[in-house]
Amino acid sequence: MSESNFGDASEEQVSGAAVLARALKAQDVQYMFGIVGIPVTEIAIAAQQLGIRYVGMRNEQAACYAASAVGYLTGRPGVCLVVSGPGLVHALGGMANANMNCWPLIVIGGSSERCQETMGAFQEFPQVEACRLYSKFSVRPSSIEAIPSIIEKAVRSSIYGRPGACYIDIPADFVNLQVNVNSIKYVECCMPPPISMAETSAVQMAASVIRNAKRPLLIIGKGAAYAHAEEGIRKLVEQCKLPFLPTPMGKGVIPDNHPNCVAAARSRALQFADVIVLFGARLNWILHFGLPPRYQPDVKFIQIDICAEELGNNVRPAVTLLGDINAVTKQELASKKSLPMNYYTVFYHVQEQLPRDCMVVSEGANTMDIGRTVLQNYLPRHRLDAGTFGTMGVGLGFAIAAAIVAKDRNPGQRVICVEGDSAFGFSGMEVETICRYNLPIVLLVVNNNGIYQGIDTDSWKEMLKFGDATALAPPMCLLPNAHYEQVMAAFGGSGYFVQTREELQESLRKSLADTTKPSLINIMIEPQSMRKAQDFHWLTRSNM
C-alpha cells in the first residue's frame, strides 16, 4: 500500500449512526422495531443497510412490546428505536413489561443535543434517569468511540442473569457526527449466558423431598419455556410420574393433553399438594402468593430460579435451587439416578423385566408388602410368600421347591425370589443348596441394612466410636452394606452388588438371560426407606 493510500484510509470517516448499527450487528441483533423521526431516522437506515430487519410501527409502546417478544422467542434482544421526549416516554410501558416478564430488550432513544442541555431543547427530557426504574442498565455513551462497548454491555446485561430491558441514550449530535474510522474498536459478540447450576447438596435435598411427598405438584412457568427446559422437565414428569400445572405462558413446555397435566383441576391441585416445585414460576398474584387458603399451611415449596432475589419471596421455601432452569432440571434427573433407591424404585424396574409366567417367591416385612402391590402375577399358583402364618425364613425353601417342580413340569420357567435382607438371613446358607443342584433361581435381596429400617455406613461407624454395638446399635439394625452377593459367588453362582437403577437393570437382564446357573443381586436401598403412608394400619385393630 502506498503512503498516499494509507493516508487516505486513515482519514476515512464514519457517522455515529453507522457505528451504532455496526455495533448492534456485531452483537448478533437481528430485529429492530420503532418509529423514525428526529433524530433517529439515520440509525434505522444504517441498521437496515447492514441486514438488521427494521419494522416500522405506528406507536412506540407497541414497538417496544414487539421487540421484547422477539427477545423471549429468540433469546437475543430485539431493539426498539424511538425518538426523544414523548417517543421515549411512550416506550416505557414496553420496557416495564419486558422487565416484569424477564425478557431481553434493548431500547435506543434519541435525545436532545448535548450543547443544548438544560436550555429547553427540543423534546428535552431526563431520559437516562427516567429509564433506570424500568431497566437493568441505562446509559448515555460519553463518545461515539464508546458506543461499541456500551452496546455489548447492554446486550450482555439484557440476557445474563434474569433477562430484562436495557436503555441506550443517543444525543442528536452523535447521529451524524463523523469520526475517524480507525478510532472505532468494535467489540466481539458477547458469549451466550453462562449456565449456572445449583449446589449438589440442594439438588439432592430437593430430590429427597420430592420422592417422599404424598401429593407432589410441579408448576411450570414461562421461565422454563425461556430456558428451553422442555425435554428435561418432561423426562422428570414421566420418570417420576409427577403431576404438573402450567402457568399461562408455561403452557406447552409439556403438552396440555399430557395425562399428568392437572390444569383442569387447578384449584384442587394447589390446595392439596404437600410439595410444590416451581420451575421458573414466581409466587406472585398469579399463584396467590403461595399462601393459605389456596395452599396447605404446611406445604413445602422447592424454588428453581435464575435470580437469587426471587428465592424466598412470600414464603420460606424448603429447598432453593439457584441456577438455569434447564441445567437444574438435568441435575435433578441425574440426582434421581444417583440417590439411593427405595422399594418402589426397585420393584418398578424389576417388574419391567420379569417374564410374564415367572414364579415369584417373596418374604420380608416391607419387601413382601410393597412387592405384593407392584410385582404383578398373571397366572394362578405363581406366587409364594409368608402366607397365613406370616413366617419369615420360608423364601429360599419355597424357591428351591418351585425350581425343582418347574424343572420337571415347566422347563424354562424362571423362579424369582425377592427377599428382604433380614428375611434372607434366616435361611441364607440354602444358597449352597441352590448352587449344589444348579437351580437357575434369581435371588433379589432388597437391602436396607435392617429389619424394617437400618442405618447407613457412616452413621454406623460414628456410633461405634462411642461404645459397643450391643449397647448402642438400634435393635432393628443389621451390618450396613453387607455383601450378600459374595455368598452366592462363594458357591459358584453369579453375584451382583448394585446401587443404581442402571446397575439393577443390567444385572437383572444378565441374570434372566443366564439359565445355566443361579444368581443373587444384592440391591442397596435407602436405609430409612418405608412404604407410602396407608389409610389404615396393616394389622386391623378392633375397637372393642
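You'll find the structure just up there.
Residues numbered from 1 in each chain as written. Predicted model: local features only at pLDDT ≥ 70, side-chain atom pairs only at ≥ 80, totals over all residues. Heavy atoms only, no water.

Participant: Describe the overall build of the protein, with residues and values.
Facilitator: Along the protein, the regular secondary structure elements total 22 helices and 21 strands. In summary, the protein has a C-alpha radius of gyration of 33 Å against a globular reference of 24 Å for 544 residues, an excess of more than 25%. Its C-alpha atoms give the protein principal-axis dimensions of roughly 100 × 70 × 50 Å. Burial statistics for the protein: of 544 residues in total, 49% are counted as buried. Sequence-distant contacts, at least 24 apart, represent 75% of the contacts inside the protein between residues at least 6 apart. (Helix = DSSP H or I, 4+ residues; strand = E, 2+ residues; numbered from the N terminus. Rg over C-alpha atoms; globule rule 2.2 N^0.38 Å. Buried < 20%, exposed > 50% of the residue type's maximum accessible area, 1.4 Å probe, protein only. Contact = heavy atoms within 4.5 Å.)

Participant: Tell me what's going on with the sheet that holds strand 16 (residues 415-420), and back it up with residues and numbers.
Facilitator: Whenever strands of a sheet pair, they do so through backbone hydrogen bonds, lying parallel or antiparallel. Strand order across the open sheet formed by six strands is 15-14-16-17-21-20, with parallel pairing between neighbours. Lying at the two open borders of the sheet, with one neighbouring strand each, are strand 15 (383-384) and strand 20 (494-498). Note that strand 14 (residues 359-363) and strand 15 share two bridges and pair parallel. Opposite Val360, over in strand 15, you have Arg383 as the bridge partner. The strands touched by helix 16 (residues 395-409) are strand 14, strand 15, strand 16 and strand 17 (442-447); relative to strand 16, the strand with the most contacts, the crossing angle is about 180°. (Pairing = 2+ DSSP bridges. Axes fitted to C-alpha atoms, helices over the stretch in contact; angles between N-to-C directions.)

Participant: Let's hear about the pattern of salt bridges: which residues, and what values?
Facilitator: Overall, the coordinates contain 16 salt bridges when judged by the stated rule. We note a salt bridge from Arg234 to Glu238, for which the minimum N-O separation is 3.0 Å. One end of the pair is Arg234 and the other is Glu238, both in helix 11 (residues 230-240) and four residues apart, which spans about a single turn. Arg234 gets classed as partly exposed once you look at its relative accessible area, which sits at 36%. Among the residues examined, Glu238 registers a relative accessible area of 38% and is labelled partly exposed. One salt bridge connects Glu506 with Lys510, and the closest N-O pair in it is separated by 4.0 Å. One end of the pair is Glu506 and the other is Lys510, both in helix 22 (residues 501-513) and four residues apart, which spans about a single turn. Residue Glu506 is classed as partly exposed on the basis of its relative accessible area of 34%. (Salt bridge = Lys/Arg side-chain N within 4 Å of Asp/Glu carboxyl O.)

Participant: Describe the sheet that holds strand 12 (residues 300-305), and please don't skip the residues or the numbers.
Facilitator: With respect to topology, five strands assemble into an open sheet ordered 10-9-11-12-13, the strand pairing being parallel. Two strands close off the open sheet at either side, each with one partner strand: strand 10 (244-246) and strand 13 (319-322). Averaged over all pairs of adjacent strands, the angle between their axes in this sheet comes to 15°, without regard to strand direction. Direction of pairing for strand 11 (residues 275-279) relative to strand 12: parallel, over a ladder of five bridges. What sits directly across from Val277, in strand 12, is Ile302. The strands touched by helix 9 (residues 200-211) are strand 11, strand 12 and strand 13; relative to strand 13, the strand with the most contacts, the crossing angle is about 135°. Docked against the sheet, helix 11 engages strand 9 (216-220), strand 10 and strand 11, running at close to 165° with respect to strand 9.

Participant: A description of the pairing of strand 9 should follow, citing residues and the corresponding values.
Facilitator: Of all the five residues making up strand 9, five are buried; the element is thus mostly covered by neighbouring parts of the structure. Here strand 9 shows no split at all, with Pro216, Leu218 and Ile220 on one side and Leu217 and Ile219 on the other all buried. As paired strands, strand 9 and strand 11 are joined by five bridges and run parallel to one another. Its bridge partner lying in strand 11, Leu217 is registered against Ile276. Direction of pairing for strand 9 relative to strand 10: parallel, over a ladder of three bridges. If you follow Leu218 over to strand 10, its bridge partner there is Phe244.

Participant: Quick rundown of the environment of Ser196? Include the residues and the values.
Facilitator: Tracing the backbone shows Ser196 in the loop between strand 8 (178-180) and helix 9. Through-space distance from the C-alpha of Ser196 to that of Gly78 is 24 Å; in sequence the pair is 118 residues apart.

Participant: Run through a nonpolar patch on the surface, naming residues and quoting values.
Facilitator: A contiguous nonpolar surface patch, about 420 Å² in accessible area, is contributed by Trp285, Ile286, Phe289 and Leu291. Among the secondary structure elements, Trp285 is positioned in the loop between strand 11 and strand 12. Taking relative accessible area as the criterion, Trp285 reaches 64% and is therefore assigned exposed. (Patch = residues over 30% accessible without salt bridge, like charges linked within 9 Å, V, L, I, M, F, W, Y side chains within 5 Å. Areas by Shrake-Rupley, 256 points an atom, 1.4 Å probe, with all protein chains shown as cover.)

Participant: So, the packing of helix 4 (residues 60-74) against helix 5 (residues 86-101): which residues are in play, and what are the values?
Facilitator: Close contact between helix 4 and helix 5 brings their axes to 7 Å; oriented N to C, the two are set at 35°. Crossing hand, helix 4 versus helix 5: right-handed. In this structure, helix 4 contributes Glu60, Gln61, Cys64, Tyr65 and Ser68 to the contact, and helix 5 contributes Gly87, His90, Ala91, Gly93, Gly94, Met95, Asn97 and Ala98. Class assignment for the residues of the contact of helix 4 with helix 5 results in five nonpolar, seven polar and one charged. (Left-handed = near helix turned anticlockwise from the far one by under 90°. Nonpolar A, V, L, I, M, F, W, Y, C, P; charged D, E, K, R; others polar.)

Participant: Quick one: what's the story with the nonpolar core, residue by residue and with numbers?
Facilitator: As a rule of thumb, nonpolar side chains are buried together in soluble globular proteins. Judged by nonpolar contacts, the single largest core of 37 residues is most densely connected at Leu24, Ile43, Ile106, Ile108, Ile151, Ile168 and Ile170. Those elements giving two or more residues to this core turn out to be helix 2 (16-26), helix 3 (41-49), strand 4 (78-82), strand 5 (105-111), strand 6 (137-139), helix 7 (147-159), strand 7 (165-171) and helix 8 (172-176). With near-sequence residues (within four places) excluded, Ile168 lies in contact with Ile106, Val107, Ile108, Gly109, Val139, Pro141, Ile150, Ile151 and Ala154. Judged by nonpolar contacts, the second largest core, of 30 residues, contains Val203, Ala213, Ala227 and Val253. (Core = buried A, V, L, I, M, F, W, Y, C linked by side-chain atoms within 4.5 Å.)

Participant: Residue-level account of the packing of aromatic side chains, with values.
Facilitator: By convention here, two paired aromatic rings are described through the distance between centres and the angle between planes. A complete count under the given rule lists four aromatic pairs for this structure. Taken together, the ring pairs connect Tyr72, Trp103 and Tyr226 into an aromatic cluster. Directly above the aromatic system of Tyr378 lies the positively charged group of Arg356, at a separation of 3.8 Å from the ring centroid. (Phe/Tyr/Trp six-rings, centres within 6.5 Å; stacked < 30°, edge-to-face > 60°. Lys NZ or Arg CZ within 6 Å of the ring centre and 35° of its normal.)

Participant: With reference to specific residues and values, describe the side chain of Gln127.
Facilitator: Inspection of the secondary structure puts Gln127 in helix 6 (residues 127-132). Non-local contacts of Gln127, meaning those with residues more than four positions away in its chain, are made with Ser84, Gly85, Leu88, Gly109, Gly110, Ser111, Tyr167 and Asp169.

Participant: Lay out the packing of helix 2 against helix 3 in plain terms, naming residues and giving numbers.
Facilitator: For the pair helix 2 and helix 3, the least separation of the axes is 8 Å and the interaxial angle reads 45°. Comparing their axes, helix 3 and helix 2 come out oblique. Relative to helix 3, helix 2 is oriented so that their crossing is right-handed. Mapping the contact onto sequence places Ala17, Ala18, Leu20 and Ala21 in helix 2 and Glu42, Ile43, Ala46 and Ala47 in helix 3. Here the contact of helix 2 with helix 3 is composed, by residue class, of seven nonpolar, no polar and one charged. (Parallel < 35°, antiparallel > 145°, perpendicular 65-115°, else oblique.)

Worth remembering: the numbers are spatial, not functional.
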